[in-house]
Amino acid sequence: MKRLDFLKRQGFSLCVGTLPKSTLGVTMFDLKSIVIDVPKNVVATFLHEYMHVRRPKASEKATEKSAIKIMARMTNKEISQLALRIMRGGRR
Ligand SMILES: [Zn+2]
């Protein structure tokens, strides 16, 4: 965990929170804080892998693009609901 130890030595704190739009994470140097939007990261990864299944022949770049496009149209509420389902292994 040398990266976490490094951040700690630098006086940075790590927290989880909701960030605007398609921001997956942010570093606030003034507050010495890194915020990670966990549901958004889960959904971003899911949509990316989902697009690989939907369009198996699409390039990595095209897959990335479509996943980002889908997520940009989702509300924060939809993102958290989908993230919860994904973390339950797809069950309701
Ligand atoms: Zn990929």
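Bear in mind that the values here come from a model prediction, so they are computed numbers and not experimental data.

What counts, and where the lines are drawn
Residues numbered from 1 in each chain as written. Predicted model: local features only at pLDDT ≥ 70, side-chain atom pairs only at ≥ 80, totals over all residues. Helix = DSSP H or I, 4+ residues; strand = E, 2+ residues; numbered from the N terminus. Rg over C-alpha atoms; globule rule 2.2 N^0.38 Å. Buried ≥ 20, exposed ≤ 12 C-beta atoms within 10 Å, placed from the backbone. Contact = placed C-beta atoms within 7 Å. Core = buried A, V, L, I, M, F, W, Y, C linked by C-beta atoms within 7 Å. Pairing = 2+ DSSP bridges. Axes fitted to C-alpha atoms, helices over the stretch in contact; angles between N-to-C directions. Parallel < 35°, antiparallel > 145°, perpendicular 65-115°, else oblique. Nonpolar A, V, L, I, M, F, W, Y, C, P; charged D, E, K, R; others polar.

Engineer: Where do I start with the overall build of the chain in this structure?
Structural biologist: Helix and strand counts for the chain come out as four helices and three strands. From first element to last, N terminus to C terminus, the chain shows the α and β order α-β-β-β-α-α-α. The globule rule puts the C-alpha radius of gyration for 92 residues at 12 Å, and the 16 Å found for the chain is more than 25% above it. For the chain, the C-alpha atoms occupy an extent of roughly 45 × 30 × 25 Å along the three principal directions. Counting over 92 residues, the chain shows a buried share of 11%. Relative to all contacts within the chain whose residues are 6 or more apart in sequence, the contacts with residues 24 or more apart total 30%.

Engineer: Any chance you could explain the nonpolar core here in plain terms?
Structural biologist: General note: in soluble globular proteins, nonpolar side chains tend to be found buried as a group. Val43, Ala44, Leu47, Met51, Ala67, Met71, Ile79 and Ala83 together form the largest nonpolar core, which totals eight residues. Among the elements that make up this core, the one with the highest residue count is helix α2 (residues 38-54) (four residues). Apart from residues lying up to four places away in sequence, Ala83 is in contact with Pro39, Val42 and Val43.

Engineer: Any chance you could explain the pairing of strand β2 (residues 25-28) here in plain terms?
Structural biologist: Moving residue by residue along a regular strand, the side chains alternate between the two faces of the sheet. The pairing of β2 with strand β3 (residues 33-36) spans four bridges and is antiparallel. Its bridge partner lying in β3, Val26 is registered against Val35. Following β2, the chain reverses through four residues before pairing antiparallel with β3; Lys32 in that reversal takes a positive phi of roughly 50°.

Engineer: Explanation requested: the packing of α2 against helix α4 (residues 76-87) in the structure shown.
Structural biologist: Helices that pack against each other are described as a pair by the angle of their axes relative to one another and the distance between those axes. Packing of α2 against α4 brings their axes to within 8 Å, and their N-to-C directions diverge by 70°. Classified by the angle their axes make, α2 and α4 are roughly perpendicular. Contacts between α2 and α4 involve Pro39, Lys40, Val42, Val43 and Phe46 on the former and, on the latter, Ile79, Ser80, Leu82, Ala83, Ile86 and Met87. A per-class count over the contact of α2 with α4 returns nine nonpolar, one polar and one charged.

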